[in-house]
Amino acid sequence: MEFIEYEKCSTCKRAKKFLMDNNIKFNDRPIKEDTPTIEELNNWITKYNIDVNKLFNTSGLVYRELSLKDKLPNININEKIKLLASNGMLIKRPLLVNNNFILIGFKENEWKEKLL
């Protein structure tokens, strides 16, 4: 499993603690330095049937600075994916990706259901 996180994010820290406390093995990936690519994002959206809008970190500083709340409804899916791939801070985190599912954000009950 790949755990994609921003190390300063408190939600990511809670999610990582959950994984470690439950002895779940994962590969750590820093989202800012190793941002998901257009190809990865396209793959996840298709494979896991994800609404691309769910991948945006709507509470993030970069999202607000770019006024994306107003702009996203008028942007096509390919442009949204390009935007996400351009800056890891635009992507909701943490992400936990394996061959069968992707978890976006940390909701402990959802993670327990999928992982335990």
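Look up: the structure comes first, before these words.
What counts and what doesn't
Residue numbers restart at each chain and count upward from 1, following the sequence in its written direction. At least 70 in pLDDT is required for a residue's local features to be given in this predicted model, at least 80 for side-chain atom pairs to be given and counted, and no such filter applies to totals for whole chains, interfaces and linings, which use all residues. Here the side-chain values reflect all heavy atoms present in the structure, with hydrogen atoms and water set aside. At least two bridges found by DSSP between two strands are what make those strands a pair. Counting from the N terminus, the helices are DSSP H or I runs at least four residues long and the strands are E runs at least two residues long. Looking down the strands as they point away from the viewer, one classifies a crossover as right-handed if the path from the first strand across the helix to the second runs clockwise. In this description, a nonpolar core means a group of buried Ala, Val, Leu, Ile, Met, Phe, Trp, Tyr and Cys residues linked to one another through side-chain atoms lying within 4.5 Å. Burial status follows relative accessibility: with a 1.4 Å probe on protein chains alone, a residue under 20% of its type maximum counts as buried, one over 50% as exposed, and anything between as partly exposed.

**A look at the pairing of strand β1 (residues 2-5)**
In the case of a regular strand, side chains alternate between the two sheet surfaces.
Next up, step 1: Strand direction decides the pairing type here: β1 and strand β2 (residues 27-30), joined by four bridges, are parallel. Residue pairing in the sheet places I4 in a bridge with R29 of β2.
Next up, step 2: On the question of chirality, the crossover connecting β1 to the parallel β2 by way of helix α1 (residues 10-21) is right-handed.
Next up, step 3: The pairing of β1 with strand β3 (residues 95-97) spans three bridges and is antiparallel. Opposite E2, over in β3, you have V97 as the bridge partner.

**What about the nonpolar core?**
Next up, step 1: Counting 26 residues, the largest nonpolar core has W44, I50, L55, L84, L95 and I102 as the members making the most contacts within it.
Next up, step 2: Listed by contribution, the elements that provide at least two residues to this core are α2 (38-47), α3 (61-65), α5 (77-86), β3 and β4 (102-104).
Next up, step 3: It is α2 that provides the largest number of residues to this core, a total of three residues.
Next up, step 4: Judged by nonpolar contacts, the second largest core, of 11 residues, contains F3, L19, F101 and L115.

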